[in-house]
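Letter by letter, the chains look like this.
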Amino acid sequence: MSETPFQINIPDKKLSILRAKLELATFPNELQDIGWKQGPPLADMKRLVERWKNGYDWRKYEKELNQELPMFTRDIDVDGFGALNIHYVHKKSKTVDAIPLLFCHGWPGSFLEVRGILPLLTAPSPEHPSFHVVALSLPGFGFSEGSHKPGFALDQYAEVVAHKLMIALGYNEYVTQGGDWGFLITRRMAAKYGGKHHKAWHTNFPMADPPNWKSPLSFLSYLVTPFSAEEKAGLERTAWYRNKSSGYFVEQSTFPQTLAYSFTDSPVALLAWFYEKLVIWTDNYKWTDDEALTWISIYWFSRAGPGAAHRIYFEVHGDFYNLGRTSYPTIPMGASYFPQELLLLPSAWLRRLNNVVSESHHTSGGHFAATERPKELVEDVRKMFAKGGPAFGIVPGRSGYA
């Protein structure tokens, strides 16, 4: 399981094929004054396709990523699935006793999400803790090899790949941060490896089941306690997501292969599917065209192909909502609440069955916190592990300070 330095170097042939496919793009019509009600506006799609085809310079951004992010690959043996070659970013702080932290992305994100928080997390300072950061591409995402067999589910993502990667890097004790699928994966890691290896976890996607009759006191409190204004707004946002913005989840968790044909053959289909989420899942974040196209290009050029990442929904979707049916972690947990996240549930539900030691509520920000609000997210993580904080010194011998 030796480490190999990695540089992104997409073959010229793949760039030529992408441009040729974009040249052949055929667009649908659009209803009058429809805006975003039925998906990305036609004018936006035509502009982005034209930019991707003629103005966007992949080589420029490829070079930036190679210079900015120390990337590597390593074979990780997965029981029953053989060895998978895993791609990851690994940047150490200049602070020797920095805290090892695994950043775990979700969908439709990738390892790119670590870009905004990486220099902040690794920055040495006597005023706040510093971290050695590992940000992997989940199997089937980015430049990691995907599973070649069905059944690659949450245990494989969490226990085998992410945990084994940290151990292979010499981090026998570590903390984690993640949102979206990163929440579920690090949650499973916390439940399975909590205490001995996984010391604490932080999330910006704090999902929790509501109280039920099996816990009579909690259930009674739930019935008689009125929701705050923030909680009401969060529940309204959650209802909007489930009623108006979760159709993708049903398709990806039932027939991901059907989507894979479209995404693998048509860059315009991939662009539309992703751009919709990048816009409506944020808190008015101003994506530049090139920024959005770089995110989507990572999927187009991904090692396992543009349709592979969606298979995680088929394999793992049962764990997405059924949180109460799995074991609860007992290690310290931190949570950040951003008002335009997709699922925003009362924080008391999270505290009821988790060891929440740090909690922050923000007035802006959406699903992609590491990109939209990197400073706020990093401040929340620092607060949790800082001197005098609830998880200070949680990793023996690694205080985060010089």
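Heads up: the structure comes first, above all this text.
The paragraphs below set out a description of the structure included in this document. (Residues numbered from 1 in each chain as written. Predicted model: local features only at pLDDT ≥ 70, side-chain atom pairs only at ≥ 80, totals over all residues. Heavy atoms only, no water.)

## Regarding the layout of surface pockets
Okay, so step 1: What the largest pocket holds in volume is close to 420 Å³.
Okay, so step 2: Taken together, 22 residues form the lining of the largest pocket, with P28, Q38, G39, P40 and A272 sitting closest to its centre.
Okay, so step 3: Counting residues per element, the ones that place at least two in the lining of the largest pocket are α2 (42–55), α10 (256–265) and α11 (267–280).
Okay, so step 4: The greatest single-element share of the lining of the largest pocket, amounting to five residues, is contributed by α11.
Okay, so step 5: Among the residues making up the lining of the largest pocket, the classes are represented as 14 nonpolar, six polar and two charged. (1 Å grid on protein atoms, 1.4 Å probe; cavity = no way out; pocket = protein on both sides within 12 Å on 5 of 7 lines; lining within 4 Å. Points joined across faces, edges and corners; volume = space filled by probe spheres on them. Helix = DSSP H or I, 4+ residues; strand = E, 2+ residues; numbered from the N terminus. Nonpolar A, V, L, I, M, F, W, Y, C, P; charged D, E, K, R; others polar.)

## What about empty space enclosed by the protein?
Regions of empty space are outlined by a rolling probe, equal in size to a water molecule, passed over the atoms.
Okay, so step 1: Evaluated as defined, the whole model comprises four cavities of 30 Å³ or more.
Okay, so step 2: Of the pockets and cavities examined, the largest cavity occupies roughly 120 Å³.
Okay, so step 3: E113, G179, D180, N204 and H367 are, among the 19 residues lining the largest cavity, the residues nearest its centre.
Okay, so step 4: By residue class, the composition of the lining of the largest cavity is eight nonpolar, eight polar and three charged.

## Some details on the pattern of salt bridges
Okay, so step 1: Applying the stated criterion across every chain, the model contains 16 salt bridges.
Okay, so step 2: For E173, the salt bridge goes to K199, with nearest N and O atoms at 3.4 Å. With a gap of 26 residues between them, E173 in the loop between α5 (154–168) and β6 (174–178) and K199 in strand β7 (residues 198–203) connect regions that are remote in the sequence.
Okay, so step 3: With a relative accessible area of 25%, E173 lands in the partly exposed category.
Okay, so step 4: Given a relative accessible area of 14%, K199 falls into the buried group.
Okay, so step 5: A network of salt bridges, in which partner residues are shared, links D12, R59 and E62. (Salt bridge = Lys/Arg side-chain N within 4 Å of Asp/Glu carboxyl O. Buried < 20%, exposed > 50% of the residue type's maximum accessible area, 1.4 Å probe, protein only.)

## Quick notes on helix α8 (residues 229–244)
Okay, so step 1: Taking 1.5 Å as the rise per residue, α8 with 16 residues should run 22 Å; its terminal C-alpha atoms sit 22 Å apart, in good agreement.
Okay, so step 2: When we look at burial in α8, the residues that qualify are G234, R237, T238 and Y241. Along the long axis of α8, the arc covered by the buried residues comes to 100°, so they all point the same way. In α8, those exposed residues whose orientation departs by more than 90 degrees from the buried face are A229, E236, N243 and K244. (Expected span 1.5 Å × (residues − 1). Arc of directions from axis to C-beta.)

## A look at unusual backbone geometry
Okay, so step 1: Cis geometry is adopted by the peptide bond preceding P108, which originates at W107 and carries an omega value of 5°.
Okay, so step 2: Note on placement: P108 falls in the loop between β4 (99–104) and α4 (118–122).
Okay, so step 3: Within the chain, D180 stands out as a residue other than glycine whose phi angle is a positive 55°.
Okay, so step 4: Classification of D180 by relative accessible area gives buried; the value is 6%.

## A closer look at the side chain of T73
Okay, so step 1: Residue placement: T73 occurs in strand β2 (residues 71–78).
Okay, so step 2: A relative accessible area of 7% means that T73 is categorised as buried.

## Overview of the packing of α5 against helix α6 (residues 181–193)
Okay, so step 1: For the pair α5 and α6, the least separation of the axes is 9 Å and the interaxial angle reads 75°. What the angle tells us is that α5 and α6 run roughly perpendicular. Contacts from L154, D155, Y157, A158, E159, A162 and H163 of α5 reach α6 at L184, I185, R188, M189, K192 and Y193.
Okay, so step 2: Class assignment of the residues belonging to the contact of α5 with α6 gives a composition of eight nonpolar, one polar and four charged. (Axes fitted to C-alpha atoms, helices over the stretch in contact; angles between N-to-C directions. Parallel < 35°, antiparallel > 145°, perpendicular 65-115°, else oblique. Contact = heavy atoms within 4.5 Å.)

## Description of the sheet that holds β2
Okay, so step 1: Pairing is mixed in the open sheet, where nine strands are placed in the order β1-β2-β3-β5-β4-β6-β7-β8-β9. Strands at the two margins of the open sheet, each flanked by one partner only, are β1 (3–6) and β9 (356–361). Here the average twist between neighbouring strands, direction ignored, is 25°.
Okay, so step 2: Note: β4 against β6, four bridges, orientation parallel. Opposite L101, over in β6, you have V175 as the bridge partner. (Pairing = 2+ DSSP bridges.)

## Side note on the pairing of β6
Okay, so step 1: Among the five residues in β6, five count as buried, and that is most of the element.
Okay, so step 2: Taking every second residue as pointing to the same face, both faces of β6 are buried, with Y174, T176 and G178 on one and V175 and Q177 on the other.
Okay, so step 3: Here five bridges tie β6 to β7, and the two strands are oriented parallel to one another. By the bridge assignment for β7, T176 is matched with W201.
Okay, so step 4: Handedness of the crossover joining β6 and β7 through α6: right-handed. (Right-handed = clockwise from strand over helix to strand, strands pointing away.)

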